[in-house]
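Residue-level listing of the chains:
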Amino acid sequence: NGYVIEYIKNPSERVQLAAVEDDGFSISFIKNPSEEVQITAVNQNGYALQFIENPSEKVQLAAVMHNGKAIKYIQNPSINVQIESVRHNGLAIDYIEHPSENIQKIAVSHNGNAIRYIENPSEEVKLLAVKNNGHAIKYIENPSEQVKKLAVRSKPQAIQWIDDPSKKVRDTAKRI
């Protein structure tokens, strides 16, 4: 049980590693853990990052590669950390302030539903989202005809999310 480290005075690095290998959250009881201990902890549980003060980019990357949403515990993540985060979980874009269009594209390419967390997505981002998952159209305000057609081409059932679909959109859904 990794949590017993709380009761060990001045545990060796070997003991620290054993504790975080068992449960990454046990890092919360370790004072000044080495980078190796930090990486081991976030590899066991990406959310262990919340207990690490000023994690290096290497530790941040390990955390988001384990769990993309661990980015929520990083202030001002680098572009590399943002990319890895949404690459592993597109929905992690919800925790990125003002994501670049490139980050948005990666996120919706991983998970079309990530578009629901993007303010004013470009047409290209909308198209990528519905190409990945036609049902993502339900999160798009005023989609263009092209976005609607691609959504129903991707998933004909996506027509249910389109208000007053045109004849072309209905015909596209019927042909699939």
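Look above for the structure.
If you're wondering where the values come from, they're calculated on a predicted model, not measured in any experiment. (Residues numbered from 1 in each chain as written. Predicted model: local features only at pLDDT ≥ 70, side-chain atom pairs only at ≥ 80, totals over all residues. Heavy atoms only, no water.)

## Comments concerning the overall build of the protein chain
Item 1. Broken down by element type, the protein chain carries 8 helices and 0 strands.
Item 2. For the protein chain, the α and β elements follow one another from N to C terminus as α-α-α-α-α-α-α-α.
Item 3. Taken against the 2.2 N^0.38 rule, which gives 16 Å for 176 residues, the C-alpha radius of gyration of the protein chain at 21 Å runs more than 25% over that of a compact globule.
Item 4. Considered along the principal axes of its C-alpha atoms, the protein chain spans approximately 75 × 30 × 20 Å.
Item 5. At a minimum sequence separation of 6, the contacts of the protein chain that also span at least 24 residues come to 17%.
Item 6. Of the accessible surface of the protein chain, which amounts to about 10,000 Å², a share of 44% is contributed by carbon and sulfur atoms.
Item 7. One way to put it: in the protein chain the 21 positive side-chain charges average out to a point 11 Å from where the 21 negative ones average out. (Helix = DSSP H or I, 4+ residues; strand = E, 2+ residues; numbered from the N terminus. Rg over C-alpha atoms; globule rule 2.2 N^0.38 Å. Contact = heavy atoms within 4.5 Å. Areas by Shrake-Rupley, 256 points an atom, 1.4 Å probe, with all protein chains shown as cover. Lys, Arg positive; Asp, Glu negative; His and termini not counted. Charge placed at Lys NZ, Arg CZ, Asp CG, Glu CD.)

## What about the environment of K131?
Item 1. Residue position: K131 is located in helix α6 (residues 123–132).
Item 2. Taking C-alpha positions, K131 is 9.2 Å from V108, a pair spaced 23 residues apart along the chain.
Item 3. In contact with K131, other than residues within four places in its own chain, are L150 and S154.

## Thoughts on the environment of H110
Item 1. Within the secondary structure layout, H110 lies in helix α5 (residues 101–110).
Item 2. Along the primary structure H110 and Y139 are separated by 29 residues, whereas in three dimensions their C-alpha atoms are 16 Å apart.
Item 3. A polar contact is formed between the side chain of H110 and the backbone nitrogen of G90, at a distance of 2.9 Å. (Polar contact = N/O pair within 3.5 Å; in protein donor to acceptor, adjacent residues only side chain to side chain.)

## What to know about the nonpolar core
Item 1. With 48 residues, the main nonpolar core has I27 and V42 as its most contacted residues.
Item 2. When residues of this core are traced back to their parent elements, those giving at least two are α1 (13–22), α2 (35–44), α3 (57–66), α4 (79–88), α5, α6, α7 (145–154) and α8 (167–175).
Item 3. In this structure, V42 is in contact with A48, L49, I52, V59, A62, A63 and H66, ignoring residues within four places of it in sequence. (Core = buried A, V, L, I, M, F, W, Y, C linked by side-chain atoms within 4.5 Å. Buried < 20%, exposed > 50% of the residue type's maximum accessible area, 1.4 Å probe, protein only.)

## Digging into the pattern of salt bridges
Item 1. Inspection of every chain in the model, using the stated rule, returns 3 salt bridges.
Item 2. Across the pair E84 and R87 runs a salt bridge whose closest N-O atoms are separated by 3.0 Å. Placement of both E84 and R87 in helix α4 is noted, with a separation of 3 residues, approximately one turn of the helix.
Item 3. Given a relative accessible area of 16%, E84 falls into the buried group.
Item 4. Residue classification places R87 among the partly exposed positions, given a relative accessible area of 45%.
Item 5. Between D171 and K167 there is a salt bridge whose closest N-O contact spans 3.0 Å. (Salt bridge = Lys/Arg side-chain N within 4 Å of Asp/Glu carboxyl O.)

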